[in-house]
Amino acid sequence: MKVLDAEFMKGFMRMADDGWQQGWHERNGGNLTYRMKAEEVEAVREDLSFDGEWKEIGTSVPGLAGEFFVSTGSGKYMRNVMRAPEDSCAICEIDEAGEKYRVCWGLVNGGRPTSEFPSHLMNHEVKKAATNGAHRVIYHAHPANTIALTFVLPLTDEAFTRELWEMATECPVVFPSGIGVVPWMVPGGRDIAVATSELMKQYDVAIWAHHGMFCSGEDFDLTFGLMHTVEKSAEILVKVLSITGGTKRQTIQPDDFRHLAVDFGVTLPEKFLYEK
Ligand code: 13P
Ligand code: ZN
């Protein structure tokens, strides 16, 4: 089968385009990776090439040895993924040590996978272990409301989780484990990858101060929906703060969250249900 005929690739392209249409991907902003299933690799193997040069990932991910990933390319535009996938994306194989990758499909006009490949792969490694292989998608975007809040709220997991939970009743159900916050760091390298993957051990969402957001999920729908829910909640908070200057007349209270958790069968860590 051709890569472009495979359902996983259609899902990948649709998600990239959905993010573009949300306004989360100015220029080359944001990136997306998908850890392929063994049967998906087999289905398209005839369309892959295995003579590419092995290149350093820049970090070590032994838990992903031998895995194949679809990745957007560095400097490529989400806007173009649907229109020119062979130019904008790559399928990359990870070597047996988890130290190197090679391009097996795509990037027909040259280039390399996203500059955030180290962060994506370290997040994948953590999530693969934490979810017994269920999580396959890591998504990075630059949604404006979430970024705006990183100039206003304290840069703590507690502040972001609680404030965003309060903005929509569905939020604690969609991201019950909460949100991690990474202080401003230089993007693209191993240090920010280590900091993010550390947070991904307990959260499915990490916010990079003054930069953007990372989400992890089982499939394209769940991961896109997670980013969409967090950003929608951030938009409501921006509106509330803009209208009121910061004082809410009423909001969802800690005991309300506890009752919600019982009825919806989710566990909400008590560290987020502090008295204000
Ligand atoms: P890439 O074009 O290398 O994917 O970088 C975009 C980005 O958002 C970096 O954080
Ligand atoms: Zn970015």
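Right above here is the structure, for reference.
In this report, the structure presented in the accompanying data block is examined. (Residues numbered from 1 in each chain as written. Chains lettered and ligands numbered in written order. Predicted model: local features only at pLDDT ≥ 70, side-chain atom pairs only at ≥ 80, totals over all residues. Heavy atoms only, no water.)

**Thoughts on the pattern of salt bridges**
If the charged atoms of two oppositely charged side chains come close together, the side chains can form a pair. This is how the line gets drawn: Within this document, salt bridges are pairs made up of a side-chain nitrogen of Lys or Arg and a carboxyl oxygen of Asp or Glu, the two lying within 4 Å of each other. We count a stretch as a helix when DSSP gives it H or I for four or more residues in a row; a strand needs E for two or more, and each element gets its number in order from the N terminus. A 1.4 Å probe rolled over the protein chains alone gives each residue an accessible area, and that area as a share of the maximum for its type sets the label: buried under 20%, exposed over 50%, partly exposed in between.
A complete count under the given rule lists 20 salt bridges for this structure. Taking the shortest distance from any N to any O, the salt bridge between E67 and R35 comes out at 3.3 Å. Taken as a pair, E67 in the loop between β2 (55-56) and β3 (68-72) and R35 in strand β1 (residues 31-35) lie far apart in primary sequence, 32 residues in all. Note on accessibility: E67 and R35 belong to one class, buried. For K248, the salt bridge is made with E163, and the minimal N-O distance between the two is 2.9 Å. With K248 in the loop between α10 (220-244) and α11 (254-264) and E163 in helix α7 (residues 157-166), this pair connects stretches of sequence that are 85 residues apart. Judged by its relative accessible area of 24%, K248 is partly exposed. Sharing partners across several salt bridges, the network here consists of R162, E163, E166, K248 and K276.

**Notes on the packing of helix α1 (residues 7-22) against α10**
Applied cut-off: Lines fitted to C-alpha atoms define the axes, with helix axes restricted to the stretch in contact, and inter-axis angles between N-to-C directions lie between 0 and 180 degrees. Angle categories are assigned with fixed cut-offs, so that under 35 degrees is roughly parallel, over 145 is roughly antiparallel, 65 to 115 is roughly perpendicular, and the rest are oblique. Here is the rule for handedness: rotate from the far helix to the near one, and if that takes an anticlockwise turn smaller than a right angle the crossing is left-handed, while a clockwise turn gives right-handed. Contacts: residue pairs with any heavy atoms within 4.5 Å of one another.
Contact geometry of α1 with α10 gives a least axis separation of 10 Å together with a crossing angle of 15 degrees. Judged by the inter-axis angle, α1 sits roughly parallel to α10. Considering the relative orientation of α1 and α10, their crossing is right-handed. For the pair α1 and α10, the contacting residues are F8, G11, F12, R14, M15, D18, G19 and Q22 in the first and F220, D221, T223, F224 and H228 in the second.

**What about the pairing of β3?**
Note the cut-off: Two strands qualify as a pair provided DSSP detects at least 2 bridges between them.
Taking burial as the measure, the 5 residues of β3 include 5 buried ones, the bulk of the element. Of the two faces of β3, the one lined by F68, V70 and T72 and the one lined by F69 and S71 are each fully buried. Here β1 pairs with β3 via 3 bridges, running antiparallel. Paired with T33 across the two strands is S71, which belongs to β3. Bridging between β3 and strand β4 (residues 89-94) involves 5 bridges; their strand directions are antiparallel.

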